[in-house]
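Chain by chain, the residues run as shown.
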Amino acid sequence: DGGITQSPKYLFRKEGQNVTLSCEQNLNHDAMYWYRQDPGQGLRLIYYSQIVNDFQKGDIAEGYSVSREKKESFPLTVTSAQKNPTAFYLCASTVDKYSNQPQHFGDGTRLSIL
Amino acid sequence: DAKTTQPPSMDCAEGRAANLPCNHSTISGNEYVYWYRQIHSQGPQYIIHGLKNNETNEMASLIITEDRKSSTLILPHATLRDTAVYYCIVRGADYKLSFGAGTTVTVRA
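Below, the structure is looked at part by part. Keep in mind that what you see is a predicted model, and the values were worked out from it rather than measured.

**Things to note about the sheet that holds strand 8 (residues 84-90) of chain B**
Residue and element names in this part refer to chain B. Read across the open sheet, the five strands follow the order 1-9-8-3-4; overall the sheet is mixed. A single partner strand is all that each edge strand has here, and the edge strands are strand 1 (9-13) and strand 4 (45-50). Adjacent strand axes in the sheet meet at a mean angle of 25 degrees when their direction is disregarded. The sheet contact formed by strand 1 and strand 9 (residues 103-108) spans five bridges and is parallel. From the neighbouring strand, methionine 10 faces strand 9, where its bridge partner is valine 105.

Here is the structure:
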């Protein structure tokens, strides 16, 4: 089945540690996105990528980094500079940035601080 | 960018239709309205989207007013599994989706 796979489902980070969240899609979508969700709130955009080797900051990019070396993959690294990383992280993709087709989401990674 | 306004919560009886309102009075002529829902601890699930005509799929119907300033998502026969947070979104000029707090829908037996 086509879709978006996020792993791991749960992740724990120690103080001062960088952690990387995986996002893979087999939908042949050009555009991919990372969102953060805090309890009881909506989603906020961290980074997005329109094409391989290109990505743009979203509204809350500080303390995060991304790469887009393959069309299918868009990993997110939560760096030690992100002082409040505990949240639910969601990856999404769509045909391309300009299309009116909807974004489709993975099932998320829940990150907690040890 | 167009902003949306939704009621924070609503209840619905199982088997009845659920009508979820959304106001988007500043929407531009070429901006689509998207509806998603999110069940606890899962990713948002796409439901339906539209521009100006009413739309229907296997999950729901979307009614957009003629002036496009508001819309209504209709779940025709609500089930307990429809309990979720429902988001009405207008994509901005920068092609980003902005998720607000949504409407928490509780379907009661």
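**Considering the interface of chain B and chain A**
Taken together, the 18 residues of chain B in the interface contact 24 residues of chain A. Across the contact surface, chain B and chain A share zero salt bridges. Inspection of the region where chain B meets chain A yields eight residue pairs in polar contact (both at pLDDT 80 or more). Secondary structure elements with two or more residues in the side of chain B that touches chain A: strand 3 (33-38) and strand 4 of chain B. At three residues, the largest contribution of residues to the side of chain B that touches chain A is made by strand 3 of chain B. Of the residues in the side of chain B that touches chain A, the class split is nine nonpolar, six polar and three charged.

**Describing the nonpolar core**
Leu20, Trp35, Ile47, Leu73 and Tyr86 of chain B are the most contacted members of the largest nonpolar core, which has 22 residues in total. Those elements that place two or more of their residues in this core are strand 1, strand 2 (18-23), strand 3, strand 4, strand 6 (61-64), strand 7 (70-75), strand 8 and strand 9 of chain B. Top contributing element to this core by residue count: strand 8 of chain B, with four residues. Among all residues touching isoleucine 47 of chain B, those that are not within four sequence positions of it are Trp35, Tyr36, Arg37, Asn57, Met59, Ala60, Leu73 and Tyr86 of chain B. Core analysis: the next-biggest nonpolar cluster, separate from the first, contains 19 residues, Ile4, Leu11, Tyr47 and Tyr89 of chain A among them.

**Focus on the environment of lysine 70 of chain A**
With respect to the helices and strands, the residue lysine 70 of chain A is situated in the loop between strand 7 (64-66) and strand 8 (76-78). Taking the C-alpha atoms as reference, lysine 70 of chain A lies 16 Å from tyrosine 47 of chain A; in sequence the two are 23 residues apart.

Reading guide: rules and limits
- Residues numbered from 1 in each chain as written.
- Chains lettered and ligands numbered in written order.
- Predicted model: local features only at pLDDT ≥ 70, side-chain atom pairs only at ≥ 80, totals over all residues.
- Heavy atoms only, no water.
- Pairing = 2+ DSSP bridges.
- Helix = DSSP H or I, 4+ residues; strand = E, 2+ residues; numbered from the N terminus.
- Axes fitted to C-alpha atoms, helices over the stretch in contact; angles between N-to-C directions.
- Contact = heavy atoms within 4.5 Å.
- Salt bridge = Lys/Arg side-chain N within 4 Å of Asp/Glu carboxyl O.
- Polar contact = N/O pair within 3.5 Å; in protein donor to acceptor, adjacent residues only side chain to side chain.
- Nonpolar A, V, L, I, M, F, W, Y, C, P; charged D, E, K, R; others polar.
- Core = buried A, V, L, I, M, F, W, Y, C linked by side-chain atoms within 4.5 Å.
- Buried < 20%, exposed > 50% of the residue type's maximum accessible area, 1.4 Å probe, protein only.

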